[in-house]
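Coordinate inspection notes
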Amino acid sequence: MRHDGRDYNELRKVTIEKDVLKHPEGSVLISFGDTKVFCAATLEDRVPPFLRGLGTGWVTAEYSMLPRATNTRNRRESAKGKLTGRTMEIQRLIGRSLRSVVDLEKLGERSIIVDCDVIQADGGTRTASITGAFVALSLAIEKLIESGELTENPIKEHLAAVSVGVLPTKEVVLDLDYVEDSAAAVDMNLVMTESGEFVEIQGTGEESTFTAAELNQLLQVGDLGIKELIARQQEVLAPQSAGVEVGEDSVILIATGNKGKAKEFEAIFKEKGLAVKTLLDFPDVPEVEETGKTFTENALLKAETISKKFNCLVLADDSGLMVDALNGQPGVYSARYAGKLKSDAANNAKLMHELTDIPQSERTAKFHCTLAVAAPGKESLVVEGEVKGEILAIPRGDNGFGYDPLFLVPSLNKTMAELSGSEKNKISHRAQAIKALDNAWDEWYKGV
Ligand SMILES: O=P(O)(O)OP(=O)(O)OP(=O)(O)OC[C@H]1O[C@@H](n2cnc3c(O)ncnc32)[C@H](O)[C@@H]1O
Ligand SMILES: [Mg+2]
């Protein structure tokens, strides 16, 4: 029986929180029970002198512990003026471990430095550091891929580390906390890869010895722990590493967080036998900032950013309302016409207000839709669609989304919000753009 009630092969509660710091390219706060470590990965566009000009990159790590990470205060190493042997040994181990799963040539002439700072120590700080450092490193590399600086991921496979040991009771256990660690007869740190290979085994009999049979048990229990830790890392790094099913042929990923658009695309693609996934399925993926000045720029930005992130084919829609009496406004600013909060009600209220004195005959407008499709290694495809109409003074209908209740389709004498979903999907700007996409698809798909 372990003092905290865990089973012999049970990890402490492991949590990995990502993007916890503002400045580093990759950051995580990892906890193994009460052991908590910040891991921050920094990208630098240079390599140490011994690698300069060789076209290869470098990954290294630094480790440190806050004075009160432990039961009694430890003087800062910076105040002492030198690193202890323990610190040197641990930071070399972290760097070595990370390099074992990175193809340094693919990384190119740049360095990634991972700082592991223990804020609370309760046993296993080096193993928590390695497991967290791998995630921070992956996040930093993701940034390089997103920005187009790297096209291929230099990470070969996942890496994690865990402690195992033999208690004075002779029990072989996984993931020792401080109480167990300080009494253990055998203490071992394992660093392993996703494919089950070892990077490092540090095993010591503490005033005792251990048998080959015990060693085997220790390795087995450790292997299970590593598999669990890697699964946890994959969850945190998902969807990039887990891939979900977006790569399947029958699924199309649409880079939109707009529920109204998502619903329309689902209906339109269902008829083509394709299931739709949108960013609503991936709430952790941050919204792509629409910094473009045109529909095309923004559609490409959304499609290409998300395609790089997921490494699969992605469709994006940038659309909006263009009102003639407002010189084409709100145009690309349609979603945020009344402010950052993107409220349909506020946008419609602003539009009604802006057009207060404009007679109906001068309230002509059009909905515009630009679609961009991006796929890895291909030049993106862009198509457009439009539908003409008029802006009413008073909203009508409850269907659709956005400006639909104010947008009259004169030939039907109904607003877009008075049409059923399937009626709107026959005539809308989005439907027109999808027709154009259909026409261009085969040639684009075969080519480039
Ligand atoms: O960028 P994504 O995540 O796709 O979602 P978004 O709502 O921000 O979308 P856009 O940047 O393309 O802005 C388009 C805005 O134009 C309006 N709009 C586009 N299509 C529309 C439609 O079919 N009916 C009504 N309003 C529409 C609506 O206000 C949208 O929020
Ligand atoms: Mg948008």
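Residues numbered from 1 in each chain as written. Chains lettered and ligands numbered in written order. Predicted model: local features only at pLDDT ≥ 70, side-chain atom pairs only at ≥ 80, totals over all residues. Heavy atoms only, no water.

The protein is annotated in an unreviewed UniProt entry as Multifunctional fusion protein from Vagococcus proximus.

1. Topic: the UniProt feature "active site" (unreviewed entry) in the protein
Feature annotation in UniProt places "active site" (unreviewed entry) on Asp318, given in this structure's numbering. Considering the arrangement of structural elements, one finds Asp318 in strand 12 (residues 314-323). Residue classification places Asp318 among the buried residues on the basis of a relative accessible area of 3%. Of the polar contacts made by the side chain of Asp318, one reaches the side chain of Lys302; its length is 2.9 Å. (UniProt positions renumbered as here; feature names shortened; annotations may be inferred. Helix = DSSP H or I, 4+ residues; strand = E, 2+ residues; numbered from the N terminus. Buried < 20%, exposed > 50% of the residue type's maximum accessible area, 1.4 Å probe, protein only. Polar contact = N/O pair within 3.5 Å; in protein donor to acceptor, adjacent residues only side chain to side chain.)

2. Describing the side chain of Asp175
Examined against the element boundaries, Asp175 turns out to sit in the loop between strand 7 (172-174) and helix 5 (178-183). Beyond its immediate stretch of four places on either side in the chain, Asp175 contacts Arg2, Arg6, Leu11, Arg12, Phe32, Val162, Ser163, Val164 and Glu180. (Contact = heavy atoms within 4.5 Å.)

3. Here we look at the UniProt feature "binding site: Mg(2+)" (unreviewed entry) in the protein
Following the UniProt record, the feature "binding site: Mg(2+)" (unreviewed entry) maps to Glu289 and Asp318 here. A maximum C-alpha distance of 12.2 Å among these annotated residues, which run over 30 residues, shows that they cluster at one spot. You can see Glu289 is positioned in the loop between strand 11 (275-278) and helix 8 (295-310). Leaving out residues up to four positions away in the same chain, Asp318 has contacts with Lys261, Glu290, Thr294, Phe295, Asn298, Ala299, Lys302, Val332, His368, Cys369 and Thr370.

4. Examining the packing of helix 4 (residues 125-146) against helix 6 (residues 212-237)
In the contact formed by helix 4 and helix 6, the axes pass within 11 Å of each other and the chain directions differ by 30°. Relative to helix 6, helix 4 is oriented roughly parallel. Between helix 4 and helix 6 lies a crossing whose hand is right-handed. Contacts between helix 4 and helix 6 pair Thr131, Phe134, Val135, Ser138, Leu139 and Glu142 from the former with Leu229, Gln233, Val236 and Leu237 from the latter. Split into classes, the residues belonging to the contact of helix 4 with helix 6 amount to six nonpolar, three polar and one charged. (Axes fitted to C-alpha atoms, helices over the stretch in contact; angles between N-to-C directions. Parallel < 35°, antiparallel > 145°, perpendicular 65-115°, else oblique. Left-handed = near helix turned anticlockwise from the far one by under 90°. Nonpolar A, V, L, I, M, F, W, Y, C, P; charged D, E, K, R; others polar.)

5. Observations concerning a positive patch on the surface
On the surface, a cluster of positive charge is made up of Arg73, Arg75, Arg76, Lys80 and Lys82. Here Lys82 lies in the loop between helix 1 (77-80) and helix 2 (85-99). (Patch = residues over 30% accessible without salt bridge, like charges linked within 9 Å, V, L, I, M, F, W, Y side chains within 5 Å. Areas by Shrake-Rupley, 256 points an atom, 1.4 Å probe, with all protein chains shown as cover. Salt bridge = Lys/Arg side-chain N within 4 Å of Asp/Glu carboxyl O. Lys, Arg positive; Asp, Glu negative; His and termini not counted. Charge placed at Lys NZ, Arg CZ, Asp CG, Glu CD.)

6. Some details on the sheet that holds strand 3 (residues 35-44)
With mixed pairing, the five strands of this open sheet are ordered in space as 1-2-3-5-4. Of all strands in the sheet, those with a lone pairing partner are strand 1 (14-18) and strand 4 (58-65), marking the two edges. Looking at each pair of strands side by side, their axes are set apart by 15° on average, direction ignored. By the bridge criterion, seven bridges tie strand 2 (residues 26-32) to strand 3 in an arrangement that is antiparallel. Following the sheet pairing, Ser31 is matched in strand 3 by Lys36. (Pairing = 2+ DSSP bridges.)

7. Observations concerning the site of ligand 1
Lining the immediate environment of ligand 1, one finds 21 residues, of which Thr256, Asn258, Lys302, Asp404 and Lys424 sit closest. Contact distances for ligand 1 include 2.6 Å between an oxygen atom and a side-chain N or O atom of Thr256. Within the backbone of Tyr403, one N or O atom sits 3.1 Å away from a nitrogen atom of ligand 1. Bound to the protein, ligand 1 loses 96% of the 600 Å² it would expose on its own. (Near = heavy atom within 4 Å.)

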